[in-house]
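Okay, here's what each chain looks like letter by letter:
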Amino acid sequence: MTTEGIEAVLLETHNWGKAAKFLQELGFEVEFETDHNSGQFRNGDGPSVFVAEIPTTQQPRTQLVLKVAGTQNRPGGEVDIVTEFEQTHYGTQEMTVRDPDGRLWSLQVPAGKQ
């Protein structure tokens, strides 16, 4: 499998407002904001940063999202597949894999590609 680089970074937070202000202070601009305490930021041509507020009973996580050309690009060999490619509510398809240290990675196919 070949990836095409980092598509996005997912950051979970307990306080959407504070996280958004922090990123904006670092030069990130809001690309869009949802009505449920989440939104996407970008700084220049780099990957987007998607921030989502979660309940305080959950531990916030950070997850890298890698871009792949299509769902036919499946990891092989020693890659632990956690979930197969699934349609997301935001128009992409995502697969989740686990690295040797237990971290989760998302593999994302852009909207409109198979």
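Anything mentioned here points back to the structure above.
Owing to the predicted nature of the structure, the values given are computational and were not obtained by experimental measurement.

J.: Please give an account of the nonpolar core that cites residues and values.
T.: Grouped together as the largest cluster of nonpolar side chains are eight residues: W16, A19, A20, L23, F28, F41, V49 and V51. When contributions to this core are tallied by element, the ones reaching two or more residues are α1 (16-25) and β4 (48-53). No other element matches α1, which puts four residues into this core. Excluding its chain neighbours within four sequence positions, the residues that come into contact with V51 are L11, T13, W16, A19, L23, N37, S38, G39 and F41. The next biggest cluster of nonpolar side chains, apart from the first, holds seven residues, and it includes M95, V97, L107 and V109.

J.: How would you sum up the pairing of strand β8 (residues 104-109)? Please name residues and give values.
T.: The sheet contact formed by strand β5 (residues 62-67) and β8 spans three bridges and is parallel. When the sheet's bridge partners are listed, V65 is paired in β8 with S106. In this structure, the hairpin formed by strand β7 (residues 93-98) and β8 is closed by a connection of five residues, where G102 is found at a positive phi of approximately 95°.

J.: Go over the packing of aromatic side chains, please, and point to the residues and values.
T.: For the structure on display, the rule yields two aromatic pairs. Here W16 and F41 contribute two aromatic rings whose centre-to-centre distance is 5.7 Å and whose plane-to-plane angle is 45°, an arrangement assigned as tilted. With W16 in helix α1 and F41 in strand β3 (residues 38-42), this pair connects stretches of sequence that are 25 residues apart.

J.: Break down the layout of surface pockets for me, with residues and values.
T.: A probe matching the size of a water molecule, rolled over the atoms, marks out where space remains unfilled. Size it by volume and the largest pocket reaches roughly 700 Å³. Elements with a minimum of two residues in the lining of the largest pocket: β1 (6-13), β3, β4, β5, β7 and β8. In terms of residue count, β1 provides more of the lining of the largest pocket than any other element does, four residues in total. Among the residues making up the lining of the largest pocket, the classes are represented as 10 nonpolar, 12 polar and four charged. Here the second largest pocket is characterised by a volume of approximately 150 Å³. Taken together, 13 residues line the second largest pocket, and the ones lying closest to its centre are P75, V79, V97, R98 and W105. Elements with a minimum of two residues in the lining of the second largest pocket: β7 and β8. Across the lining of the second largest pocket, the residue classes tally to eight nonpolar, one polar and four charged.

J.: Any chance you could break down the sheet that holds strand β2 (residues 29-33) for me, citing the residues and the numbers?
T.: Ordered by their spatial adjacency, eight strands build an open sheet running β2-β3-β4-β1-β5-β8-β7-β6, and the pairing between neighbours is mixed. The strands lining the two open edges of the sheet, one partner per strand, are β2 and β6 (80-87). Ignoring strand direction, the axes of neighbouring strands in this sheet form an average angle of 25°. Lying over the sheet, α1 contacts β1, β2, β3 and β4, oriented at roughly 5° with respect to β3.

J.: Go over the pattern of salt bridges, please, and point to the residues and values.
T.: Counted under the stated rule, the structure contains five salt bridges. In this structure, the salt-bridge partner of E12 is R61, at a minimum N-O distance of 3.1 Å. In this pair, E12 sits in strand β1 while R61 sits in the loop between β4 and β5, placing the two residues 49 residues apart along the sequence. On the basis of relative accessibility, which here comes to 17%, the residue E12 falls in the buried class. For R61, a relative accessible area of 36% gives the class partly exposed. The partner of R98 in a salt bridge is D80, and the shortest N-O contact between them spans 3.2 Å. A residue pair is termed long-range when its members are at least 10 positions apart, and R98 in strand β7 and D80 in strand β6 qualify at 18 residues.

Calculation rules
Residues numbered from 1 in each chain as written. Predicted model: local features only at pLDDT ≥ 70, side-chain atom pairs only at ≥ 80, totals over all residues. Heavy atoms only, no water. Core = buried A, V, L, I, M, F, W, Y, C linked by side-chain atoms within 4.5 Å. Buried < 20%, exposed > 50% of the residue type's maximum accessible area, 1.4 Å probe, protein only. Helix = DSSP H or I, 4+ residues; strand = E, 2+ residues; numbered from the N terminus. Contact = heavy atoms within 4.5 Å. Pairing = 2+ DSSP bridges. Phe/Tyr/Trp six-rings, centres within 6.5 Å; stacked < 30°, edge-to-face > 60°. 1 Å grid on protein atoms, 1.4 Å probe; cavity = no way out; pocket = protein on both sides within 12 Å on 5 of 7 lines; lining within 4 Å. Points joined across faces, edges and corners; volume = space filled by probe spheres on them. Nonpolar A, V, L, I, M, F, W, Y, C, P; charged D, E, K, R; others polar. Axes fitted to C-alpha atoms, helices over the stretch in contact; angles between N-to-C directions. Salt bridge = Lys/Arg side-chain N within 4 Å of Asp/Glu carboxyl O.

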